[in-house]
Amino acid sequence: MAVTLDWLGCATFRLTAGDLVIFLDAYIDRVSSAPLVGLTAAEVTRADYVLVGHSHFDHIAGAEVIAPRTGAKVIGSNETARVLREAGVAEGQLLAAQGGERFRLSPEVTVRVFPSLHSCIWVGGSWDVAKVVTGHYGLTEAERAAVRAETGGGIGERARGAGAGDPEEMREHMRGTIGSRETGGALAFLIETPDGSVFYHDTSGVWTGVASTLRPDVAIVAMAGRPNIDGEPIQGSLAQFVGRMADLLRPRRLVLGHHDNWMPPMTTDMATPEAMAAVREELGRVAPRVELLALGFNDGTRILG
Ligand SMILES: [Zn+2]
């Protein structure tokens, strides 16, 4: 069975396994200054499932377009189901999950759902993939809220490319795009095909005890913000987070997500040559047999089979 992967920007991918078409997140329609990904949500004519990692707009949006057009079923948290229900998606297309479920997607393909973690948006991280960030360890929720009030939280320091997009268009985009202020509880997925398995999460967080049991053939790892390891902010860099994920999951191949310039001027392209060199160096140190695949947008990369 040929298994191919198209990156559609941010943490959105289209995974095809034989005749089965699975969207991983659905956020494709972006601000005009974000790079074009070669597809809009309204142009999607085939989808059997949409797996939504969490309920923030830059992950869930687009599912309310794709599901009615294609009849695809959406697997996501209760919050994801609530947002899509309110956006008009039919109840019969919403499959709520919280981790612990296994769904059959076709006679040969299943998906297992696992609880996961969102990156630490209460403190933010660095756009520099190689930069080691420390501190903010062991805080309570009230203390984290105070950090957020003081620093602005969000996704961290201003992007290097700040100013390259239109802030007003960005605000308008966020107002007009479905999504929740809550994560809804981040989920991770393991898609199992006869030719191997694919791990997917869409934000830089991990329960190490969960990930270390999975052993996928291909891992899609989010690289953005301040990574969350077992409920605490990483004491290290984004490149080190990718290395940690590779060490836990031991995939043959690794694909990055969430690292493009998905919403200028707030974001910047994190896949600079220096950043990718830092990721390769870290992988070489901790998981030297892992092959890092660099996907272009919508390029149908064969990952298995
Ligand atoms: Zn998010």
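Just so it is clear, the model here is predicted, and its values are computed rather than measured. (Residues numbered from 1 in each chain as written. Predicted model: local features only at pLDDT ≥ 70, side-chain atom pairs only at ≥ 80, totals over all residues.)

Attention now goes to the overall build of the protein. Along the protein, the regular secondary structure elements total eight helices and 17 strands. For 305 residues, the compact-globule estimate of 2.2 N^0.38 gives 19 Å, and the C-alpha radius of gyration of the protein, at 18 Å, lies within 12% of that figure. Here the C-alpha coordinates of the protein stretch approximately 50 × 45 × 35 Å along the principal axes. In the protein, which comprises 305 residues, the share counted as buried stands at 50%. Partitioning the intrachain contacts of the protein with sequence separation of at least 6 by distance along the chain shows that 70% fall at a separation of at least 24. (Helix = DSSP H or I, 4+ residues; strand = E, 2+ residues; numbered from the N terminus. Rg over C-alpha atoms; globule rule 2.2 N^0.38 Å. Buried ≥ 20, exposed ≤ 12 C-beta atoms within 10 Å, placed from the backbone. Contact = placed C-beta atoms within 7 Å.)

At a minimum axis distance of 8 Å, the contact between helix H7 (residues 238-249) and helix H8 (residues 273-286) shows a crossing angle of 35°. H7 and H8 meet at a crossing whose hand is right-handed. Along the contact surface, H7 presents Ala239, Gln240, Val242, Gly243, Ala246 and Asp247, while H8 presents Ala278, Val279, Glu282, Leu283, Arg285 and Val286. Residues belonging to the contact of H7 with H8 are distributed by class as follows: seven nonpolar, two polar and three charged. (Axes fitted to C-alpha atoms, helices over the stretch in contact; angles between N-to-C directions. Left-handed = near helix turned anticlockwise from the far one by under 90°. Nonpolar A, V, L, I, M, F, W, Y, C, P; charged D, E, K, R; others polar.)

Here the focus is the nonpolar core. One recurring pattern in soluble globular proteins is that nonpolar side chains are buried together. Counting 90 residues, the largest nonpolar core has Ala26, Val50, Leu51, Ile66, Val242 and Met245 as its most contacted members. In terms of residue count, the dominant contributor to this core is H7 (eight residues). With residues near it in sequence (within four places) discarded, Val242 still touches Val221, Met223, Leu256, Val279, Glu282 and Leu283. (Core = buried A, V, L, I, M, F, W, Y, C linked by C-beta atoms within 7 Å.)

Looking now at the confidence of the model for the protein. Averaged over the protein, the pLDDT score is 95; the fraction of residues at 70 or greater is 96%. When mean pLDDT is compared element by element in the protein, strand E4 (residues 49-51) scores highest at 99, while helix H4 (residues 141-151) scores lowest at 91. (pLDDT = per-residue confidence, 0-100.)

It is worth spelling out the pairing of strand E8 (residues 110-115) at this point. Sheet analysis places strand E7 (residues 102-104) next to E8, joined by three bridges and oriented antiparallel. Across the sheet, residue Phe103 finds its bridge partner in E8, namely Val111. Adjacent in sequence and paired antiparallel, E7 and E8 are bridged by five residues. In this sheet, strand E9 (residues 187-193) lies alongside E8 in antiparallel orientation, the contact comprising six bridges. The residue bridging Thr110 from the neighbouring strand is Glu192, located in E9. (Pairing = 2+ DSSP bridges.)

The strands making up a sheet associate through backbone hydrogen bonding, with each pair oriented either parallel or antiparallel. The sheet built from seven strands is open, its strands ordered E7-E8-E9-E10-E12-E15-E16 with mixed pairing. Here the strands that pair on one side only, and so sit at the sheet edges, are E7 and strand E16 (291-293). Each strand axis lies, on average, 20° off the axis of its neighbour in the sheet, ignoring direction. Contacts between H7 and the sheet are confined to strand E10 (196-200), strand E12 (218-222) and strand E15 (253-257), with E12 contributing the most and set at about 150° to the helix.

The strand order E11-E13-E14 describes an open sheet built from three strands, whose pairing is mixed. Edge positions in the sheet fall to strand E11 (205-206) and strand E14 (232-233), since each of these pairs with one other strand and no more. Here E11 runs beside strand E13 (residues 228-229); their pairing, made up of two bridges, is parallel. Residue pairing across strands places Val206 opposite Ile229, the latter belonging to E13.

What follows is about helix H2 (residues 63-70). The set of residues buried in H2 consists of Ala63, Glu64, Val65, Ile66 and Ala67. Gly71 occupies a position one or two residues after H2 and carries a positive phi of about 80°.

With that settled, consider the environment of Tyr27. Secondary-structure assignment places Tyr27 in the loop between strand E3 (20-24) and E4. Beyond its immediate chain neighbours, meaning those up to four positions away, Tyr27 contacts Cys10, Thr12, Asp58, His59, Ala61 and Gly62.

Here we take up unusual backbone geometry. Cis rather than trans, the peptide bond between Pro264 and Pro265 has omega equal to 5°. Looking at where Pro265 falls in the secondary structure, it is placed in the loop between E15 and H8. Positive phi values are uncommon outside glycine, yet Asp25 reaches one of about 60°. Relative to the elements of secondary structure, Asp25 occurs in the loop between E3 and E4. Despite not being glycine, His136 shows a phi value in the positive range, around 60°. On the secondary structure map, His136 appears in the loop between E8 and H4. A tally of 18 C-beta atoms within 10 Å means that His136 is categorised as partly exposed.

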